[in-house]
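Structural description and commentary
Listed below, chain by chain, are the residues.
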Amino acid sequence: MNLTIKNVFRKARRALLTAAAMLSVASASAQTTVQTTFKVCPLNVDGLPQKFAGINLNPDGPGSEGTQKIAQYIVKSGIDVLGLSEDFNYNGDLKVGLDGQYQMGTWRGRIALNNEGNVDLMKLRFPTDGLQFLVKNGYSFDAESWAPWNQNYGHFSDGADELITKGYRYYRVNFGQNIVVEFYIMHMDAETSDADNKARASQWEQLRDAIIANNSGLPKIVMGDTNSRYTRDDILNLFTNPIVADGNYTVSDVWVEKCKGGLYPELGSEALVVPEADRTKSSAYVANEIVDKVLYLNPTHGGMQLTPNSIVFDADNYLKADGTLLGDHVPVVVEFRAEGTTYAPATSDSFWRGETWVGNDQAVYLYNVGSHYFVSNDFAPVVTNITQAPIWHIYGGDQFTISNEDGYRLQMKQLKSQQGVVKGSGATTFNNHEDGITPGSHRIGLKNGVIFGDQRTHFFTVATEKGKKIYTAAETKDVYNDWLLISEEQKQAYLTYVGLYNKALSLLGTREDLDAPLSSVLQDTQNSNYSRSADDIKKLQDMIAEYERLNVKITDAKFATTCLPWNGIVPAGVKVFTATKYDDKATPCSVILKSYEGDVLPQGVGVVLFSETPGTYTFTRTDAEAAAPADNILSGTYKRIAGGNLDFENHNYMLLGNKTAGVGFYRLAEDSYIPAYRAYILRDKTAASLMAKVVFSDATGVAQVEMPTNAKATGVYGIAGDKRSKMVRGINIVRMSDGSVRKLLVK
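Residues numbered from 1 in each chain as written. Predicted model: local features only at pLDDT ≥ 70, side-chain atom pairs only at ≥ 80, totals over all residues. Heavy atoms only, no water.

1. Describing the pairing of strand β18 (residues 408-412)
The following threshold applies: Relative accessibility thresholds used throughout: buried, under 20% of the residue-type maximum; exposed, over 50%; partly exposed, between the two (1.4 Å probe, protein chains only). Put simply, DSSP H or I for four residues or longer makes a helix, DSSP E for two residues or longer makes a strand, and each gets a number counted from the N terminus. For two strands to be treated as a pair, DSSP must find no fewer than two bridges joining them.
Among the five residues of β18, four are classified as buried, and the element is accordingly described as predominantly covered. Note that β18 and strand β19 (residues 419-423) share five bridges and pair antiparallel. Looking at β19, one finds that Y408 is bridged to K423. A loop of six residues connects β18 with β19, the two strands running antiparallel in sequence.

Below is the structure:
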């Protein structure tokens, strides 16, 4: 369709816990080799309204009936995860067709004008992104976030992308066995004018920067309606290559890998367009490029890895009865295999520990063991995340009521319609609480009260009726009327533990010298629970603190180099220098150093360190920002570079040392390597120098710090060439025993 818009945790107190009040948890190996397969699909569902403000906007679109058929296709196809675009005005029909088989992300609304008077068309912007995320039941997802594009183009022309709040979304899907994959779904600017292409380039860069910043160590899938072609958009240099150069992820396009033999179409070449007459044939898409893409990113340090098994452009099965397509885009169905070793924090279900029943205004979260739901302010069980559940108060002793500060109460009375959560009055006075089947659990009951026409003891229960969870009263004792009382302290313990675990996991692979102890800590703490959470939290905190410190030894020569794996605070007593020039004309060759004035040293920048007091100095990670200094010829690495990965055939690598010629940069032997956390100078192989002295300079080129060296002064001269018996106040020219000449200032 060629129309517009398309295209802290407070330390956990162990009070209320007893040995008998603990859930048994089956232990599992923390680092496990696992695998699974799943199918993903980006799909533009063509959900623009067929009519808008009396105008035929999308008359050929699927509309209500067609959207239901699209949803029925999704169910029948068995796709596990979908990233939808243009889910605007027929979201309700989508839900009907899905028939409860999929979980949905947030729907951000339809395209519709309000009735609040005149509309300024030049400021009109609908607050919907049209994106939707579907995950098949049986898997779980969380961490939804959304960001609008920084740049769009076209209000009533060029795709009218400024009328919609387009952007990208992020999700995290758990496929079981601790296999977690991150998803980015998006809808990019349409059309092909220079301004459209520029906006789309900005969007690729914005998405790239977000992904680089999210170095979680988890595999990622990027999919959606990109409105991009490799023949037209420089995706490789805008997105793919910078991520690969960052060093933490590889990036692959499934179509390029499976259908093009790994060869990307050349930028500026003729577009590979599916012939209009063949758009209903799956085979026509294999050799041709479409804008709906699936890219995947694997962490370079190992862990879980994705491999595409197949890609199908499922036009053959995406047809109406008349043989035309259900929508104007075809489903791109990719089956992935996920395989590798995985770490993950304990699930909340295994973390919770039942606490002692106290009553008398005891404040707790109510968690049902059998269904894994928390009691919320909803009339049926819907909340599985404790952060979305309210605190409930148990008032009384042997006879008690349960209510919360929002005015909701638990009710269990005679009629079926009187079971569950009610607003306002109507709370049941329960008169029975007893231990459940699950260790540490409790039953909430009513004896000698008329329920469903009889006076036997009934228990407040979660049940399933017609595929939906309900609250009811039950005589049978089972895990569906086992309730855990969870305190605010326990909730905060879990949130703190998960946050620290995920932060520690994201560090894996960033410091090779600490990966082994970090892996051990991740293994030790993976099966945490409330009773041991304080110890596990301390282990994680200590490990993270270790990662966020780097000790650098400055030798008796008073010099060292470093390269930090994060932005770090420069320790007191240390001066930092960059190198601005490699002077081949000096005798011997010189490296000119310039003082770095900042208190924060940027990540990945090679620098020279100087201190009058040799010793070990600690750099500490900081969130403060720091810009990389300009004109710095020093390279740096915080990972060991083996000799086999160095290009000795074409380059010389110069590392700081203090040898017979004094402190300077010496050529690295070709059977050696570059250690982690070091700076070095990369020189062309034609450069003959074996060594370059370091020279401090300010803006005038006058040295302000006397450089320690093994060479001795053999003569002192004035600036006119007159020989002196010793250095005097002002500028002195000093000739050294190694042949070098220095300009020194005596104040």
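2. Observations concerning the packing of aromatic side chains
Heads up, the condition is: Centres within 6.5 Å are what make two rings of Phe, Tyr or Trp a pair, Trp counting through its six-membered ring; a difference in plane orientation under 30 degrees is then read as stacked, over 60 as edge-to-face, and the rest as tilted.
A complete count under the given rule lists 31 aromatic pairs for this structure. With centroids separated by 6.3 Å and ring planes inclined at 45°, the aromatic side chains of Y168 and Y184 adopt a geometry described as tilted. Placement of Y168 in strand β8 (residues 167-174) and of Y184 in strand β9 (residues 180-187) is noted, with a sequence separation of 16 residues between them. The residues Y168 and Y184 share a single accessibility class, namely buried. Relative to F313, the ring of Y285 lies with its centre 5.9 Å away and its plane at 15°, an arrangement referred to as stacked.

3. What to know about the pattern of salt bridges
Quick note on the threshold: Take a side-chain nitrogen of Lys or Arg and a carboxyl oxygen of Asp or Glu: if they are within 4 Å of each other, that pair is a salt bridge.
A full pass over the atoms with the stated rule returns 28 salt bridges. Ionic pairing is found between R169 and D129, a salt bridge with its closest N-O pair at 2.9 Å. With a gap of 40 residues between them, R169 in strand β8 and D129 in the loop between β5 (102-104) and β6 (132-136) connect regions that are remote in the sequence. Here R169 matches D129 in class, with each residue buried. Salt bridges here are not isolated pairs; linked through shared partners, they connect R108, D129, E144 and R169.

4. Brief notes about the environment of L267
The condition is simple: Only heavy atoms matter for contacts: two residues are in contact if any of them lie within 4.5 Å across the pair.
Tracing the backbone shows L267 in the loop between α5 (254-259) and β12 (292-299). Given the relative accessible area of 44%, L267 is considered partly exposed. Taking the C-alpha atoms as reference points, L267 and R232, 35 residues apart in sequence, are found 5.9 Å from one another. Setting aside residues up to four positions removed in sequence, L267 forms contacts with Y230, T231, R232, D233 and D234.

5. Digging into the nonpolar core
Rules: Nine residue types can take part in a nonpolar core, namely buried Ala, Val, Leu, Ile, Met, Phe, Trp, Tyr and Cys, and a core is a set of them joined through side-chain atoms within 4.5 Å.
Counting residues in hydrophobic clusters, the biggest one holds 75 residues, and the most contacted among them are F38, V40, F183, L207, I221, F239 and F336. Those residues in contact with L207 that lie beyond four places of it in its chain are W149, Y168, Y184, M186, M188, V222 and F239.

6. Points about the sheet that holds strand β35 (residues 662-667)
How we decide: Orientation is described by lines fitted to C-alpha atoms, with helices fitted over the stretch in contact, and by angles between N-to-C directions that extend from 0 to 180 degrees.
Taken in spatial order, the nine strands make up an open sheet running β26-β31-β28-β29-β37-β35-β34-β36-β33, and their pairing is mixed. Two strands bound the open sheet, and with one partner strand each, they are β26 (559-562) and β33 (634-637). Neighbour-to-neighbour, the strand axes of the sheet open up by a mean angle of 40°, direction not taken into account.

7. A closer look at the environment of D194
Locating D194 in the fold gives a position in helix α3 (residues 194-213). Since its relative accessible area comes to 68%, D194 is described here as exposed. Counting along the chain gives 41 residues from D194 to Y153, while the straight-line C-alpha distance between them is 9.9 Å.

8. Description of helix α7 (residues 488-507)
What counts is decided by this rule: The length a helix should cover is 1.5 Å for every residue beyond the first.
Its 20 residues give α7 an end-to-end C-alpha distance of 29 Å, which sits within 8% of 28 Å, the value for a rise of 1.5 Å per residue. Of all the 20 residues making up α7, 14 are buried; the element is thus mostly covered by neighbouring parts of the structure. A positive backbone phi angle near 95° is found at G509, which sits one or two residues after α7.

9. Focus: the packing of α7 against helix α8 (residues 515-525)
How we decide: Note on angle classes: values under 35 degrees are labelled roughly parallel, values over 145 roughly antiparallel, values of 65 to 115 roughly perpendicular, and the remainder oblique. In a left-handed crossing the near helix is turned counterclockwise from the far helix by less than a right angle, and in a right-handed crossing that turn is clockwise. Classification used: nonpolar for Ala, Val, Leu, Ile, Met, Phe, Trp, Tyr, Cys and Pro, charged for Asp, Glu, Lys and Arg, polar for all others including Gly.
The N-to-C vectors of α7 and α8 enclose an angle of 150°; their axes lie 10 Å apart at closest approach. In terms of orientation, α7 and α8 fall into the roughly antiparallel class. In this structure, α7 crosses over α8, and the sense of that crossing is left-handed. The residues of α8 that touch α7, namely those facing Y497, Y501, A504, L505 and L507, are D515, L518, L522 and T525. Residues that form the contact of α7 with α8 fall into these classes: seven nonpolar, one polar and one charged.

10. Re the packing of α3 against helix α4 (residues 235-246)
It is the contact of α3 with α4, at a shortest axis distance of 9 Å, that shows an interaxial angle of 15°. Looking at the two axes, α3 sits roughly parallel to α4. Seen along the crossing, α3 lies across α4 with a hand that is right-handed. Residues A201, W204, E205, L207, R208, I211 and I212 of α3 touch α4, and the partners they reach there are I235, L238, F239, P242, I243 and D246. In terms of residue class, the contact of α3 with α4 is made up of ten nonpolar, no polar and three charged.

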